[in-house]
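Tertiary structure, described
Residue-level listing of the chains:
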Amino acid sequence: MDQLFGDYVELYSRINKNEWITVFEENDKKDYNNDIFTFCAMLKGTDEQIKKYLSKYDWEFSTESFGKSTFNKYGNDEVEYISGEKKDEFEYLIAIRYFDKYPSIYEINPKLIWYGNLRHVGEEYKHPRTEEVMIRANAHRVEIRTSYLKDFLAANQSCLSIVFDHRRYFKEGELKSKKEYDVYSGENFYMCYTLSKIESYSDLKASYDYCSAVIGKAIVFPYNRPRHEDYRYFCEEDKYETFVIGVDDETGEEISFECDESKLANNFGANPDNPHYFTKTFFDIKVLDKYKADPQNYEIQDSEIFYLRDWSIPFCINDENKVVVWLGDLGRIPYKEQQYWKAFNEVPKGEMEEKFFARQILNTWTDASRPEINTIHLLEVANSYIIKQYGEPLFMKLSDADSEIYKSFVLPTNLSIPEYQQFLMKLCKLTAESINTKIFKKTMEKEYDGSKGSIAQMDDFLKFVNIDSEGLVYSAIKKAYDSRNKLAGHRASLKEYNKVWKRNTDYEVNTIQDAKSLLADLNKALSSVFREK
């Protein structure tokens, strides 16, 4: 244990470079080997005022400076109301609140939490989008991620004064130095060190002979400007990526143009010599992988991708399995997102999906463009009919743990088996694993055979009530379920999988085509059986 507090000198000298900063700490139980107390307050001031503040170890505020409203009167002046969050040029970041009959508590300035709209989870405060922890707070310690703190201070045009009073206790033989007094200072800290004998009347005398202490302060400086996304939106110059939109017929060279809406032609006569806002721009379908892998933040609807409530971009998938968006719409998503899309940009291949074009340009209502969305819709149609007739749904709603499947159910974007396995598992959760068997026994009574699996029970039920006498829904769901079992439910076997499809066992599987085929069969069955009901 460092009697001279060299560890804390190092800590405070580089406090602006540490990943985390402790802004409040008090010992849970008196650990006299390392008796630590840390407090803080925000400080507004010029460089000269900060320099003067750092020329001495006095805090200029105390733990009782904040957290309680009061009134005061100086001389014959009017009575002044003191709200409790400020003292002179200081404002609390952590306030210790004292009560007459109850233990003291600390509270964090809500402005610090509101700045990032942080979410309180246990002993942590998390960013609601990235889930990154910004504040760690237990009963006796508060730490803030340095980048978040400096950003917050920049927005509040303040620095943070970290003040401390640390003590360490030693026996005579443990001392490595008899230095009684010293001062440590730097451009962002000032601390005073003392070593003193423990007096005979002290309760500590029986265990220790000396106490070394360091009292002082350190300054956390803000960034030169806020990094908050709203601030950057208003203050930073907009940036736009350039995308390939075609190929020159004569030279064969790619034609590219910025997605800056102000430079694009439109239907009102702007920039007539430039590409139109509604210029088709093509991308490898793998551009969707990022969004379907993170359904907590992104939702892929039939023809639009949403990022929380921040932005969205319309899209379609054409017959060539390419994602197509409008050039102008790319300019309405953040620049970093544009950079992501640029990595998947390709020369045009194929046309735009007809239903997407009809909705976007002709303002015409259509059914779903993507078969995945149509599947979810048709399952709801089936449920509506069964509920109306029998009081319960045929397919139960997904559990909370599985509910994100609704936002991320997308056809495979590549031919890999793991990608297809994920698709099959999601499809089976929506269908085979969600079959509500409770209504079968209640409806069929004596004809009910509980020894059968849920898919077979469903088939018996639909035939019993004269809804699906040909077993179309059964066949479609059973094929998907058996495909899942051979590739994802058990040890994967392409040979066994091909048997399900009644193909040669050495057939070269195209997982994208198979996925489309499964949905086509299921959608056709559901549509023919329930749509007319």
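This text goes with the structure placed above it.
Attention in this report is confined to the structure presented alongside it. Here the structure is a predicted model, which means the values were calculated and not measured.

How each quantity is defined
- Residues numbered from 1 in each chain as written.
- Predicted model: local features only at pLDDT ≥ 70, side-chain atom pairs only at ≥ 80, totals over all residues.
- Heavy atoms only, no water.
- Helix = DSSP H or I, 4+ residues; strand = E, 2+ residues; numbered from the N terminus.
- Buried < 20%, exposed > 50% of the residue type's maximum accessible area, 1.4 Å probe, protein only.
- Contact = heavy atoms within 4.5 Å.
- Phe/Tyr/Trp six-rings, centres within 6.5 Å; stacked < 30°, edge-to-face > 60°.
- Lys NZ or Arg CZ within 6 Å of the ring centre and 35° of its normal.

1. What to know about the side chain of N318
Relative to the helices and strands, N318 resides in the loop between β23 (316–317) and β24 (322–326). When its relative accessible area of 5% is taken as the criterion, N318 is described as buried. If sequence neighbours within four positions are ignored, N318 has contacts with F282, V324, K349, G350, E351 and E353.

2. Quick word on the packing of aromatic side chains
Under the defined criterion, the tally for this structure stands at 36 aromatic pairs. Here F243 and F283 contribute two aromatic rings whose centre-to-centre distance is 5.9 Å and whose plane-to-plane angle is 75°, an arrangement assigned as edge-to-face. Here F243, found in strand β17 (residues 242–247), pairs with F283, found in strand β19 (residues 280–284); they are 40 residues apart in sequence, far enough to count as distant. Judged by relative accessible area, which is 0%, F243 ranks as buried. Under the relative-accessibility criterion, F283 is labelled buried at 0%. Judged by centre distance (5.5 Å) and plane angle (70°), the ring pair of Y390 and F461 falls under edge-to-face. Here Y390 is found in helix α10 (residues 371–390), whereas its partner F461 is found in helix α14 (residues 454–464), with 71 residues between them in sequence. The exposure class of F461 is buried, given its relative accessible area of 0%. Every member of this aromatic cluster is reached through a ring pair, and the members are F24, F37, F39, Y53, F61, F66, F90, Y92 and Y106. For the cation-ring pair, K290 lies above Y340, with the distance from its terminal atom to the ring centre recorded as 4.5 Å. Residue placement shows K479 over the ring face of W501; its charged tip is 3.8 Å from the ring centre.

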